[in-house]
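Each chain, letter by letter, is given below.
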Amino acid sequence: MKKLITFSLMLILVAGGMAAADEYRWNAGLIIGGGNAGGDAMGGIGAEVTREFGDNLELGFTAYAQSEVDGAHKDASGHEYHLESGYSALLIKPKLRVNEWLEIGLPLETGNGLLQYRYTGEYREEVRWTEEILDRVNHSVYSAGIEPKLLLAGHGAVTIGFGYRGTGPLRTDLAESGELDGFWGRMGYSYRF
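A short tour of the structure in this document, coming up. (Residues numbered from 1 in each chain as written. Predicted model: local features only at pLDDT ≥ 70, side-chain atom pairs only at ≥ 80, totals over all residues. Heavy atoms only, no water.)

Right, let's get into empty space enclosed by the protein. Applying the stated criterion across every chain, the model contains 3 cavities of 30 Å³ or more. The volume enclosed by the largest cavity comes to roughly 60 Å³. In this structure, the largest cavity is lined by 13 residues; those nearest its centre are Ile31, Glu48, Glu147, Thr159 and Ser190. Going through the elements one at a time, β1 (26-37), β8 (133-151) and β10 (182-192) are the ones with two or more residues in the lining of the largest cavity. Per-element accounting of the lining of the largest cavity gives the leading share, 5 residues, to β10. Considered class by class, the residues forming the lining of the largest cavity number 4 nonpolar, 4 polar and 5 charged. (1 Å grid on protein atoms, 1.4 Å probe; cavity = no way out; pocket = protein on both sides within 12 Å on 5 of 7 lines; lining within 4 Å. Points joined across faces, edges and corners; volume = space filled by probe spheres on them. Helix = DSSP H or I, 4+ residues; strand = E, 2+ residues; numbered from the N terminus. Nonpolar A, V, L, I, M, F, W, Y, C, P; charged D, E, K, R; others polar.)

Quick look at the structure:
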């Protein structure tokens, strides 16, 4: 997977340098979102960088971190812990330009993520920082969705998206089946340059 991401980044940079110097081909965006992962509400924040290739395709990278909003679990001793997750992914976004101020994209993501379970509350303050994490596992991430983008005057753009995210197997006894799988929604602001 690391080789694929490295190769993709090199391809984007080379193709970006060879492409015509059209205006506003790069996009850098911040994302806030939420979702339903394994039945629990999740909140998150992320960033993405993309390069447009023609009028119907964007390629780039995205990074996203999320945490359970209110889901607290208890271990055998009664200490509370919660789930935190993050991932980085290659982003492929075919898109359709509806008019000069509206695009509809179909973001497809594939990458690697990290899932960890971490103590909360007073017990977390009592233990050493190396002991506050119960378990940590790596996993693969796959996501697909739909994302309308409103192009603002100047360099700005606002997006709102919906989709579904799935993961590969989570190799930990703390994770339930489909722990991170579920629907997501997000809003973002992009700067086009």
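Now for the environment of Phe53. You can see Phe53 is positioned in the loop between β2 (40-52) and β3 (57-68). Separated by 27 residues in the primary sequence, Phe53 and Trp26 place their C-alpha atoms 9.6 Å from one another.

With that settled, the discussion passes to the environment of Val158. Positionally, Val158 belongs in strand β9 (residues 156-167). For Val158, a relative accessible area of 36% puts it in the partly exposed group. Contact partners of Val158, with chain neighbours within four places excluded, come to Pro148, Lys149, Leu150, Leu152, Gly188 and Tyr189. (Buried < 20%, exposed > 50% of the residue type's maximum accessible area, 1.4 Å probe, protein only. Contact = heavy atoms within 4.5 Å.)

With that out of the way, let us pick up the side chain of Thr167. Within the secondary structure layout, Thr167 lies in strand β9. Leaving out residues up to four positions away in the same chain, Thr167 has contacts with His139, Ser140, Val141, Leu180 and Asp181.

A word on the nonpolar core. Formed by Ala37, Met42, Tyr81, Leu83, Leu115, Tyr117, Tyr119, Val137, Leu170, Ala175 and Leu180, the largest nonpolar core amounts to 11 residues. Looking at this core, the elements that each hand over two or more residues are β5 (80-99) and β7 (108-119). For this core, the element with the most residues is β7, which contributes 3 residues. Those residues in contact with Leu170, other than ones at most four positions away along the chain, are Leu115, His139, Ala175, Glu179 and Leu180. (Core = buried A, V, L, I, M, F, W, Y, C linked by side-chain atoms within 4.5 Å.)

As enumerated under the stated definition, the model contains 5 aromatic pairs in all. Taken together, a centroid distance of 6.0 Å and an interplanar angle of 80 degrees make the contact between Tyr81 and Tyr117 edge-to-face. Taken as a pair, Tyr81 in strand β5 and Tyr117 in strand β7 lie far apart in primary sequence, 36 residues in all. Overall, the relative accessible area of 8% leaves Tyr81 in the buried class. What makes Tyr117 buried here is its relative accessible area of 1%. Consider the rings of Tyr191 and Phe193, whose centres lie 6.2 Å apart with planes at 25 degrees: the pair is stacked. Judged by relative accessible area, which is 40%, Tyr191 ranks as partly exposed. Sitting over the face of the ring of Phe53, Arg51 holds its NZ or CZ atom 5.5 Å from the ring centroid. Directly above the aromatic system of Trp184 lies the positively charged group of Arg186, at a separation of 4.2 Å from the ring centroid. (Phe/Tyr/Trp six-rings, centres within 6.5 Å; stacked < 30°, edge-to-face > 60°. Lys NZ or Arg CZ within 6 Å of the ring centre and 35° of its normal.)

By the alternation rule, side chains of strand β6 (residues 102-105) split into Glu103 and Gly105, which are all buried, and Leu102 and Ile104, of which none is buried. Here β5 runs beside β6; their pairing, made up of 4 bridges, is antiparallel. If you follow Leu96 over to β6, its bridge partner there is Ile104. Between β5 and β6, which follow one another and run antiparallel, lie 2 residues. (Pairing = 2+ DSSP bridges.)

This brings us to the pattern of salt bridges. Taken as a whole and assessed by the stated rule, the structure comprises 13 salt bridges. For the salt bridge of Glu58 with Lys95, the shortest nitrogen-to-oxygen distance reads 3.0 Å. With a gap of 37 residues between them, Glu58 in strand β3 and Lys95 in strand β5 connect regions that are remote in the sequence. The exposure class assigned to Lys95 is buried, which follows from its relative accessible area of 7%. The partner of Lys149 in a salt bridge is Glu58, and the shortest N-O contact between them spans 3.3 Å. Of this pair, Lys149 sits in strand β8 while Glu58 sits in strand β3, and the two are 91 residues apart along the sequence. Overall, the relative accessible area of 5% leaves Lys149 in the buried class. One network of salt bridges, with partners in common, ties together Arg25, Glu52, Glu58, Lys95, Arg97, Glu103 and Lys149. (Salt bridge = Lys/Arg side-chain N within 4 Å of Asp/Glu carboxyl O.)

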